[in-house]
Amino acid sequence: MENNKLITLLTVAAIAALAVLYFNESFIKSSSYSEYVDLAVADHEKLTSGAYVLEQVHGNNTIQAFKRRDTVVISNKFETDALAESAISAEAISKFLNGNLPTTTPSGNNGIPVLLSQTGAFFDLATLDPSPGLIPYDMIEPFWSDGAAKKRWMAIPNDGAYDTAEEQITFSNDEAWDFPQGSVLIKHFELGGQRLETRFEVKGNDDVYYYLTYKWNNDQTDATLLDEAVDEDVVVDGVTQSWHYPSRTECVSCHFPQNGSVLGPKTRNLNKSILYPGASNMMNQLVNFSRLGLITETITNGNVSSYPAVAAKDDLSASLEDRARSYIDVNCSSCHNPTVNNNALFDARYTTPLEFQNIIYGDVVFDEGLIFPKVIIPQDVANSMAHFRMNSLETGVEMPPIAKDVVDQAGLQLIEDWINSLTPTTSSAPIASFLANKSNGIAPLSIDFDASASFDPDNDPLTYSWDFGDGNTGSGITINHIFTSSAEFTVTLTVNDGLQSDQATTLITVNNSDPGGNTVNFTDATDLLLVQDNYSGLPMGVIDMNGDGKDDIVQFNQRRALRIQYQNGADEQFTSHQIGTTNNPQQWATAVADFDHNGYNDVMSGGFNDGLKIVKNNNGNDSYSRSTIENSEDLLFLQGANFADINNDGWADIFACSDLSESRPYQNNQDGSFTYNQSLIST
């Protein structure tokens, strides 16, 4: 009897042992980890909070220890949001990459690391392994950058946990995210495996972003800070293409503060799963950010699909319209949206319903030689301006307008396919028109708007949408709005007939007090000027010529002799400096700008068939250099000229208007010299 009991107990123990071994072996085989590292834990010790896996000793089938994983990867089979953890752990990093970058927009290169290796962004520059605290991220559809491959990271200051407002991103469903001060966003560019540049976007302690560009050396070992824009030829797969390294001012020309400055990291662009370093399972970026505490929005695997997401241009599971509108949003909406003052009349944002975007049959400002063009004309690719500009590399025509030297053929084909899929309408577009009973006044300012003058040629019913320019909107033929703050506001009316739309705008000026109480009194102080310098004739200018913060007078005495009258202290007589006669013919046009970037304003003039003269201000006092722009001698009857940065390269160009011939643009060669370039702007 006793022997039978013993045999039974031994049998049960053996079965239990086999079950344990089977469970352990199954756990090991099903784990997402391929390797295990020995970490002995004494029987009496407690495991600290965290994620653990059982460790298998190589050459032995027994489970001997636990291994803690600081970088946690959750198996899709067992993941639940109740017990979910982030794909990566928060790692402490101080503001401005641990203090390696300036805290506000730097003056010149003051305080900026000269080399990328000195920024502290990368733990291993050779492999581009980021430093602890940098979080990788990716876009559903990236901005077109001449075919470059890109990598992205963000550094959000924290003490090891994202649990305070100063360590968290302010989430927005549709608009730009607001990053905390000291945050750094990094984007790295490569072509054909060749490292070209690494850019930084940094939010200063004054809530203003500044931008840095580091250009990689030929040995691919490090990158050097750029002071200005650079263009160079790059060979990719045996083909030479131009690459443009942007200046800091060029970055600002796209990263508008009105848009929140940060363009890529938005909810709709990040709503995708990626494989994080060291992980074996992909995780949605929004879910990961939520679990980290990086954003306070609660986003889970169960609700992430309810958040907006653009579609990649090669995602055939998405509709053609979604892919096309997503592409336009990613590549165009930074400039083409109601918050930015530009020439285009449409709203490229994916979050704006198509019928209100003014894209299909949307009006254009310049026809560029096309036949009655619109932004998009269904089944008319040749006269659809969006397609035309995407397919151009001509300065002033191409879109995007900066750093584009290669056409995105896949993107171009996507827009062409979308245009050809649209059904043309034979109806006419509506006409938007409205009246406001006031155009200015003291805050709070109540204004009545009336759009009853709007009409549709086909008598289609219209909807009326109002954007008051102060963050408020409304609808209806007539509406009242109260402006509560002092500023200038552009009020926009959009009328839509269900297929097409039109817009009308007006400017409302709101003051904080009665303008009559803010009048300025003027006193005749002509006696402060030297009498012999007071016969200027036509061309004059008032501007600070010596950098002392006081406006000086630029005049051509008798329209020929250039003189500067420097303003001194209050009630002190001006100091006159005579530069001399620029030319015998009279000067009828003049303009002033610092076109050589030496910190002092320079002068340009022209007159009757005598070319364009430039006078460089060398020291803000008494040293000026005169010359005539090459091949400008045949410019006739010049009565108007301006300095303007026509090609957005950060350097002032010249636009000269001739009464007897075509106007002429002269491009600044980024050294203060100029070259005639008719393609610089359409005249």
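Structure: above.
Peer 1: Where do I start with the overall build of the protein chain in this structure?
Peer 2: Scanning the protein chain from terminus to terminus reveals eight helices and 34 strands. In the protein chain, which comprises 683 residues, the proportion classed as buried is 44%. A total of about 33,800 Å² of accessible surface is found on the protein chain, and carbon and sulfur atoms cover 50% of it.

Peer 1: Whenever I open this one, the nonpolar core confuses me. Can you help?
Peer 2: Side chains that are nonpolar tend, in soluble globular proteins, to be buried together. Core analysis: the largest hydrophobic core is formed by 31 residues, its most contacted members being Met154, Trp177, Phe179, Phe289 and Leu294. Those elements that provide at least two residues to this core are strand 5 (134-137), strand 9 (209-216) and helix 5 (285-292). For this core, the element with the most residues is helix 5, which contributes four residues. Sequence-distant contacts of Met154, defined by excluding residues within four places in its chain, comprise Gly133, Leu134, Ile135, Tyr137, Ile169, Phe179, Val184, Leu185, Phe289 and Leu294.

Peer 1: What's the story with the pairing of strand 21 (residues 487-496) in this structure? I'm lost.
Peer 2: Side-chain positions along a regular strand alternate between the two faces of the sheet. In terms of residue burial, strand 21 counts as a mostly covered element, since seven of its ten residues are buried. Bridge count for strand 18 (residues 463-467) against strand 21 is five bridges, and the pairing is antiparallel. Considered in strand 21, the bridge of Ser465 is made with Thr494. Two elements, strand 21 and strand 22 (residues 501-511), share ten bridges in a ladder whose sense is antiparallel. The residue of strand 22 that forms the bridge with Val491 is Thr506.

Peer 1: Sorry, what's going on with the side chain of Asp408 here?
Peer 2: Within the fold, Asp408 resides in the loop between helix 7 (385-390) and helix 8 (409-421). Engagement of the side chain of Asp408 in a polar contact is seen with the backbone nitrogen of Gly411, the distance being 3.2 Å. If we skip the residues at most four places from it in the chain, Asp408 touches Trp144, Lys313 and Tyr327.

Peer 1: Sorry, what's going on with the sheet that holds strand 8 (residues 194-203) here?
Peer 2: Whenever strands of a sheet pair, they do so through backbone hydrogen bonds, lying parallel or antiparallel. Strands sit in the order 5-6-7-8-9-10 across an open sheet of six strands; the sheet is antiparallel. Each edge of the open sheet is held by one strand with a lone partner, namely strand 5 and strand 10 (223-225). Looking at each pair of strands side by side, their axes are set apart by 25° on average, direction ignored. One ladder, built from four bridges, connects strand 5 with strand 6 (residues 149-155); its direction is antiparallel. When the bridges of strand 6 are listed, Leu134 appears paired with Ala155.

Peer 1: Hey, could you run me through helix 6 (residues 320-332) in this one?
Peer 2: Residues spaced three or four apart along an α-helix face the same direction, because each turn holds 3.6 residues. The end-to-end C-alpha distance of helix 6, which contains 13 residues, comes to 18 Å, matching closely the 18 Å that a straight helix rising 1.5 Å per residue would cover. Of the positions making up helix 6, those classed as buried are Arg323, Ala324, Arg325, Ser326, Tyr327, Ile328, Asp329, Val330 and Asn331. Against helix 4 (267-270), helix 7 and helix 8 lie the buried residues of helix 6.

Thresholds applied
Residues numbered from 1 in each chain as written. Predicted model: local features only at pLDDT ≥ 70, side-chain atom pairs only at ≥ 80, totals over all residues. Heavy atoms only, no water. Helix = DSSP H or I, 4+ residues; strand = E, 2+ residues; numbered from the N terminus. Buried < 20%, exposed > 50% of the residue type's maximum accessible area, 1.4 Å probe, protein only. Areas by Shrake-Rupley, 256 points an atom, 1.4 Å probe, with all protein chains shown as cover. Core = buried A, V, L, I, M, F, W, Y, C linked by side-chain atoms within 4.5 Å. Contact = heavy atoms within 4.5 Å. Pairing = 2+ DSSP bridges. Polar contact = N/O pair within 3.5 Å; in protein donor to acceptor, adjacent residues only side chain to side chain. Axes fitted to C-alpha atoms, helices over the stretch in contact; angles between N-to-C directions. Expected span 1.5 Å × (residues − 1).

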